[in-house]
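# Remarks on the overall topology
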Amino acid sequence: MTTRNPEEYVHGHSSREALRLSDQANTLSSLLHHDTVYPPGSLVLEAGCGVGAQTGILASRNTDLGIVSVDISNASLCQARNAGKAGRWENVSFARADLFELPFPDEVFDHVFICFVLEHLRNPPAALTSVRRVLKQGGTLTVIEGDHGSAFFYPESLHANECIRCLEELQKEMGGNPRIGRELFPLLSSAGFRDVHVSPRQVYVDGSRPDLACGFTRQTFTAMIEGVRDEVNRRGKMSPEDFDQGIRDLLRAAEPEGVFCYTFFKAVCVK
Ligand SMILES: C[S@@+](CC[C@H](N)C(=O)[O-])C[C@H]1O[C@@H](n2cnc3c(N)ncnc32)[C@H](O)[C@@H]1O
């Protein structure tokens, strides 16, 4: 089965998660998007736009584009539309769509953009087949995903490692793959794309980068782990006390004497 219940998303659709996605997008904007530039006049599909956190960055970096941003969640789309109105993203239109059953004709988009979506899907190869259908010959697909196995930090902490392991387990139980970043090359190649180029994008945070410590270590990564606290607790995966110790330890990595490292993977390929 490839279609998804919009509520089946490990991080949920709360306003806190919307804020986290915005913090994540803004903090990582230049690392992930300095090279997300499309030829003027292109029509771009953003599949799985969520609350529009990446949409705003795409729209502001590429003003002479048509962008069609779709998501399966009405709640997220509503926030994305509001953000679009507030930000005056004149070149973006939003629509509700399941990316496994895209309501567009074959080969209509010049480029497709997907960010932090495949890692939550039960069947990424089917999603890639679906977006490939609506992409023109010679058009590009850009995919950006995380890989939670790439996270390491100082001071080390068994509790924090255990918290991350619990999030990964939850995501897998919901059909996702928290370490999909490292698999992008084989995934895209076997989906029939050519000229696949994957670049690791490492976020390295230490005491000399207080903005990143706040925007990434605290407000993106630790907030993501904190967001599954209740579910981890409900499923008895870790005691609340141990979980909270893990969160405190992650926050120590955001202090001036701490260090945090995480690697995203960005792939660009051609149909
Ligand atoms: C982690 S969020 C990322 C949102 C956005 N790309 C960003 O980076 O901020 C994943 C999004 O994928 C959407 N999604 C999951 N399954 C989907 C599907 N089958 N079709 C369309 N969107 C889907 C979810 O509703 C959610 O908004």
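Report on the accompanying structure. Note that the coordinates shown come from a computational prediction; the quantities given were computed from them, not determined experimentally. (Residues numbered from 1 in each chain as written. Predicted model: local features only at pLDDT ≥ 70, side-chain atom pairs only at ≥ 80, totals over all residues.)

### A word on the overall build of the chain
Definition in use: In DSSP terms, a helix is any run of H or I states spanning at least four residues, a strand is any run of E spanning at least two, and both are numbered starting from the N terminus. In this treatment the radius of gyration is a C-alpha quantity, and the globule benchmark scales as 2.2 Å times the residue count to the 0.38 power. Partly exposed residues are those whose C-beta has more than 12 but fewer than 20 other C-beta atoms within 10 Å; with 20 or more the residue is buried, with 12 or fewer it is exposed, and the C-beta atoms are placed from the backbone. For the purpose of contact definition, each residue receives a C-beta atom placed from its backbone, and two residues are in contact when these atoms lie within 7 Å.
Scanning the chain from N- to C-terminus turns up ten helices and eight strands. The C-alpha radius of gyration of the chain comes to 18 Å, within 12% of the 18 Å expected for a compact globule of 271 residues. Viewed in the frame of its principal axes, the chain has a C-alpha envelope of about 50 × 40 × 35 Å. Across the 271 residues that make up the chain, the buried fraction comes to 45%. Here the contacts in the chain between residues at least 6 apart in sequence split such that 79% fall between residues at least 24 apart.

### Quick word on the site of the ligand
Stated precisely, the cut-off is as follows: In this text, near has one meaning. A residue is near a molecule or strand if its C-beta atom, placed using the backbone, is within 6 Å of it. In the scheme used here, Gly and all other residues not listed as nonpolar or charged are polar, with Ala, Val, Leu, Ile, Met, Phe, Trp, Tyr, Cys and Pro taken as nonpolar and Asp, Glu, Lys and Arg as charged.
With respect to spatial proximity, 22 residues lie near the ligand, and among them Gly48, Gly50, Ala53, Ile72 and Ser73 are the closest. Considering only residue class, the shell around the ligand consists of 13 nonpolar, six polar and three charged.

### Examining the nonpolar core
This is how it is decided: A set of buried Ala, Val, Leu, Ile, Met, Phe, Trp, Tyr and Cys residues, joined through C-beta atoms within 7 Å, is what we mean by a nonpolar core.
In this structure, Ala47, Val112, Ile114, Val131, Val143 and Leu188 are the most contacted members of the largest nonpolar core, which totals 52 residues. Each residue touching Val143, except ones within four places of it in the same chain, is listed here: Ile114, Leu118, Leu184, Leu188 and Ala267. By size, the runner-up hydrophobic cluster in this structure holds 23 residues, among which are Leu212, Phe243, Leu250 and Phe260.

### Side note on unusual backbone geometry
Cis geometry marks the peptide bond from Tyr154 to Pro155; its omega dihedral reads 0 degrees. Looking at the element boundaries, Pro155 is found in the loop between β6 (152-154) and α6 (158-173). Even without a glycine there, the phi angle at Arg88 is positive, about 55 degrees. Here Arg88 is to be found in the loop between α4 (74-87) and β3 (92-96). What makes Arg88 exposed here is the crowd of 9 C-beta atoms within 10 Å. Within the chain, Glu107 stands out as a residue other than glycine whose phi angle is a positive 50 degrees. Looking at the secondary structure, you find Glu107 in the loop between β3 and β4 (109-115). We classify Glu107 as partly exposed; it has 15 C-beta atoms within 10 Å.

### Thoughts on the packing of α6 against helix α10 (residues 240-252)
A packed helix pair is summarised by two numbers, namely the angle formed by the two axes and the spacing between the axes. Applied cut-off: Whenever a helix is involved, its axis is fitted only over the stretch in contact; in every case the axis is a line through C-alpha atoms, and angles between N-to-C directions fall within 0 to 180 degrees. In these notes the angle categories are as follows: under 35 degrees is roughly parallel, over 145 is roughly antiparallel, 65 to 115 is roughly perpendicular, and the rest is oblique.
At a minimum axis separation of 7 Å, α6 and α10 run at an interaxial angle of 105 degrees. Viewed along their axes, α6 and α10 adopt a mutual orientation that is roughly perpendicular. Seen from α6, the contacting residues are His159, Ala160, Glu162 and Cys163; seen from α10, they are Asp242, Phe243, Gln245, Gly246, Ile247, Asp249 and Leu250. Looking at side-chain class alone, the contact of α6 with α10 contains five nonpolar, three polar and three charged residues.

### Comments concerning the environment of Val92
By secondary structure assignment, the location of Val92 is in strand β3. Here Val92 falls in the buried class, since 24 other C-beta atoms lie within 10 Å of it. Between the C-alpha atoms of Val92 and Ala126, which are 34 residues apart in sequence, the distance is 26 Å. Among all residues touching Val92, those that are not within four sequence positions of it are Thr55, Ala59, Ile67, Ser69 and Gly84.

### Brief notes about α10
Inclusion rule: Multiplying 1.5 Å by the residue count of a helix minus one yields the expected span of that helix.
The end-to-end C-alpha distance of α10, which contains 13 residues, comes to 18 Å, matching closely the 18 Å that a straight helix rising 1.5 Å per residue would cover. Its buried side turned inward, α10 meets α6, α8 (210-226) and α9 (229-234).

### Side note on the environment of Val112
Tracing the backbone through its elements, the reader meets Val112 in strand β4. Val112 gets classed as buried once you count the C-beta atoms within 10 Å, which come to 25. Between the C-alpha atoms of Val112 and Thr263, which are 151 residues apart in sequence, the distance is 22 Å. Excluding anything up to four places from it in sequence, Val112 contacts Leu45, Ala47, Val131, Leu135 and Leu141.

### A short note on helix α5 (residues 124-134)
Rules: As used here, the arc is the angular range of directions from the helix axis to the C-beta atoms.
Among the residues of α5, those classed as buried are Pro124, Ala127, Leu128, Val131 and Val134. The arc that holds every buried residue of α5, seen down its axis, measures 125 degrees, which confines them to one face. The elements touched by buried residues of α5 are β1 (43-47), β4, β5 (135-145) and α7 (184-190).

### Overview of the packing of α8 against α10
Following both chains from N to C, one finds α8 and α10 inclined at 170 degrees, their axes separated by 10 Å at the closest point. The pairing of α8 with α10 is recorded here as roughly antiparallel in orientation. Seen from α8, the contacting residues are Arg218, Thr222, Ile225 and Glu226; seen from α10, they are Ile247, Leu250 and Leu251. Looking at the contact of α8 with α10 residue by residue, the classes come out as four nonpolar, one polar and two charged.

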